[in-house]
Amino acid sequence: MKIECVWEHNGNDTLLYAIDLPGAYTRGAELQMAMEKMPVEICSYLAWAGKPEPENLDITVAQDYPCGLDVRDADSDVLFAAEQKPLSPAEYEELKTLTLKSAADFHSLYNAIPDKEKSSIPIRKTFYGQVPRTANEIYTHTKNVNAYYFGEINIDADNEGTILDCRRKGFDALEHTPDFLANPIIEGSYGEYWTLRKMLRRFLWHDRIHAKAMYRMAVKVFGQNAIPNPFRFTI
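As the structure is a computational prediction, the values presented were derived from the model and not from experiment.

**What about helix α5 (residues 163–175)?**
So, point 1. Given a rise of 1.5 Å per residue, 13 residues ought to cover 18 Å, and the 19 Å separating the end C-alpha atoms of α5 matches this to within 8%.
So, point 2. Inspection of α5 places I163, L164, C166, R167, G170, F171 and L174 among the buried residues, and these make up the whole buried set.
So, point 3. In the core, the buried residues of α5 are packed alongside α2 (89–112), α3 (135–143), α4 (146–152) and α6 (196–222).

This is the structure we're talking about:
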């Protein structure tokens, strides 16, 4: 299985994204470290998505994107070359279904954590403020990008209700927009460029980052047998 990746980096700090598996990613102090983590991430992602386990992975970098952001804290603005083409209705439905599944699984993981105010995550600040530590903080942070992400492609959305509720409402507003599958490139906040494809990938990626953090924290606090693993993470 060939896995083409986008390499976003600032110096040696690396984010590596699997182009055809939106949301699958690794991080590392250098490219080689991120490349070495990718097979485990691909297997985890495909298991979560209900797809067969891959064989003979061939991982390559197809797009090199140097930037000035703090990528070690998952600050990102890359627009993949592959994210600039229009979507077919079938592609959109597949990506939408996966994005809603991600929200539902995130909500399920959150609901299963016995004490949502306990944490083992140390206090640390990043470009967006203090790292969310408790299940409540992680859930709120992850849910509350909804209005921002939809807003970057000029769709009016809010953060009301559960992570699944507000995401569904955002898609409903999107689908009432003429020609949304044309996937235009839009300049959003801070000079960052967005498309519908990028927004879908960003939802999946952002969910995955924080679901992984919440799952690992919960396993450390409550034990692995006490916490479900809907995203099929390997820890």
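**Points about the nonpolar core**
So, point 1. L196 and M199 are the most contacted members of the largest nonpolar core, which totals 58 residues.
So, point 2. Contributing elements (two or more residues each) for this core: β1 (2–10), β2 (13–18), α1 (31–49), α2, α3, α4, α5 and α6.
So, point 3. Ranked by residues supplied to this core, first place goes to α6 with eleven residues.
So, point 4. Of all hydrophobic cores here, the second largest spans twelve residues; its members include L15, C67, A74 and W205.

**Some points on the packing of α1 against α6**
So, point 1. Direction vectors running N to C along α1 and α6 enclose 105°, while the axes themselves pass 14 Å from each other. It follows from the interaxial angle that α1 and α6 lie roughly perpendicular. Taken together, the residues of α6 that come into contact with α1 (itself represented by E41, S44, Y45 and W48) are L204, R208 and K212.
So, point 2. Classifying every residue of the contact of α1 with α6 gives three nonpolar, one polar and three charged.

**Considering the pattern of salt bridges**
Pairs can form between side chains of opposite charge whenever their charged atoms are close.
So, point 1. A full pass over the atoms with the stated rule returns 13 salt bridges.
So, point 2. Put simply, D105 and K101 hold a salt bridge, and the shortest N to O gap is 3.0 Å. With D105 and K101 both in helix α2 and four residues apart, this pair spans about one turn of that helix.
So, point 3. We note a salt bridge from K169 to D158, for which the minimum N-O separation is 3.2 Å. One end of the pair, K169, is in helix α5; the other, D158, is in the loop between α4 and α5, with eleven residues separating them in the sequence.

**So, the environment of L15**
So, point 1. Tracing the backbone through its elements, the reader meets L15 in strand β2.
So, point 2. With relative accessibility at 0%, the residue L15 sits in the buried group.
So, point 3. Remark: the alpha-carbon pair of L15 and Y65, spanning 50 residues in sequence, is separated by 9.8 Å.
So, point 4. Non-local contacts of L15, meaning those with residues more than four positions away in its chain, are made with V6, W7, E8, Y25, T26, R27, V71, A74, D75, S76 and W205.

What counts and how
- Residues numbered from 1 in each chain as written.
- Predicted model: local features only at pLDDT ≥ 70, side-chain atom pairs only at ≥ 80, totals over all residues.
- Heavy atoms only, no water.
- Helix = DSSP H or I, 4+ residues; strand = E, 2+ residues; numbered from the N terminus.
- Expected span 1.5 Å × (residues − 1).
- Buried < 20%, exposed > 50% of the residue type's maximum accessible area, 1.4 Å probe, protein only.
- Contact = heavy atoms within 4.5 Å.
- Core = buried A, V, L, I, M, F, W, Y, C linked by side-chain atoms within 4.5 Å.
- Axes fitted to C-alpha atoms, helices over the stretch in contact; angles between N-to-C directions.
- Parallel < 35°, antiparallel > 145°, perpendicular 65-115°, else oblique.
- Nonpolar A, V, L, I, M, F, W, Y, C, P; charged D, E, K, R; others polar.
- Salt bridge = Lys/Arg side-chain N within 4 Å of Asp/Glu carboxyl O.

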